[in-house]
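Report on the structure
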Amino acid sequence: MGHAILIGAITIYPFTFTMHLTLILAAFGLQGSFLSPGFLFLLFILMMPISLYAQFRVSSAYNKNAQIPSRGGITGREAAAAVMAHAGITDVEITSIPGHLNDHYDPINKRLVLSEEDYNGTSLAALGVAAHEAGHAIQHKVGYSLLHARMALVPATNFVSRVVPMLFFASFFLTRGLSGGMLDIAILCYAVLTVFQLVTLPVEFDASRRAKIQLVELGILDRDEMTGVNQTLDAAALTYVAAFVSSLLYLLYLISQRRNNN
Ligand SMILES: [Zn+2]
């Protein structure tokens, strides 16, 4: 087990180090004259392999821990139900959908949706994901403010997500790329996306924190089984960090382009 933790630390370290370095460079660049659109675009491009690596880590951590059955043998559905019952939640329906890693909590319809493999599965990965989604239901129940902030941002984020591809399509036909009013709209869109990704971070970290506590406290998993849960949920958290950093860098790139145009 010590070995597994060490491997985890080794693979996560360069990842977080690169992201910190990227952020420091971006912050430093804001002060100096070398904050050129080209430099920021380079940082943005550098984030792409990091984001892909984060995605790969989630899949590999999930697949590995989906092979490890929990000793207690209860299903993801039962675990989610137990965590919610302990929090006094009685009005959330647990349903299953086909697909892979598409589990989510739907606060509008008060529905906890698990992929079939997590709904019926008894693995460490299934229980980790199910308890994480139940963590979102607890956030909703206790009125966790950042969950409500995230929910409030969903309509604007959905709208902006439809505008951004149109902007890119339009810029393809413009010789100078985005400029003037269209650049301003792009900046506004990316500001919304970046704020959304930023608010998502504490919401996701908090749901995983609640899940880890409940799995042990309710006796669903033994303490030594938590390594598998931690690997799965921590890998998922990194993808949200990568999404935020990418979005922020692209926003800074657009702002620097606007400054250069003036
Ligand atoms: Zn989540």
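Residues numbered from 1 in each chain as written. Predicted model: local features only at pLDDT ≥ 70, side-chain atom pairs only at ≥ 80, totals over all residues.

Further remarks concern the sheet that holds strand S2 (residues 104-106). Reading across from one edge, S1-S3-S2 is the order of the 3 strands in this open sheet, with mixed pairing throughout. The sheet is open, and its two edges are formed by strand S1 (93-97) and S2, each paired on a single side. In this sheet, adjacent strand axes meet at a mean angle of 25° when their direction is disregarded. With respect to the sheet, helix H3 (residues 76-86) is in contact with S1 and strand S3 (111-115), its orientation differing from that of S3 by roughly 155°. Against the sheet, helix H5 (residues 124-142) touches S2 and S3, its axis set at about 165° to S3. (Pairing = 2+ DSSP bridges. Helix = DSSP H or I, 4+ residues; strand = E, 2+ residues; numbered from the N terminus. Axes fitted to C-alpha atoms, helices over the stretch in contact; angles between N-to-C directions. Contact = placed C-beta atoms within 7 Å.)

Okay, the pairing of S3 next. Pairing of S1 with S3 involves 5 bridges; the strand directions are parallel. Note on S3: the bridge partner recorded for Glu 93 is Arg 111. Of the pairings in the sheet, the one linking S2 to S3 comprises 3 bridges and is antiparallel in character. Bridge pairing in S3 links Tyr 105 to Leu 112.

Turning our attention to the environment of Tyr 253. Take Tyr 253: it is sitting in helix H8 (residues 226-261). Exposure remark for Tyr 253: the 23 C-beta atoms within 10 Å place this residue in the buried category. Expressed as a C-alpha distance, the spacing of Tyr 253 and Ile 187, which sit 66 residues apart in the sequence, is 9.3 Å. Excluding residues that lie within four positions of it along the chain, Tyr 253 makes contacts with Pro 37, Leu 40, Phe 41 and Phe 44. (Buried ≥ 20, exposed ≤ 12 C-beta atoms within 10 Å, placed from the backbone.)

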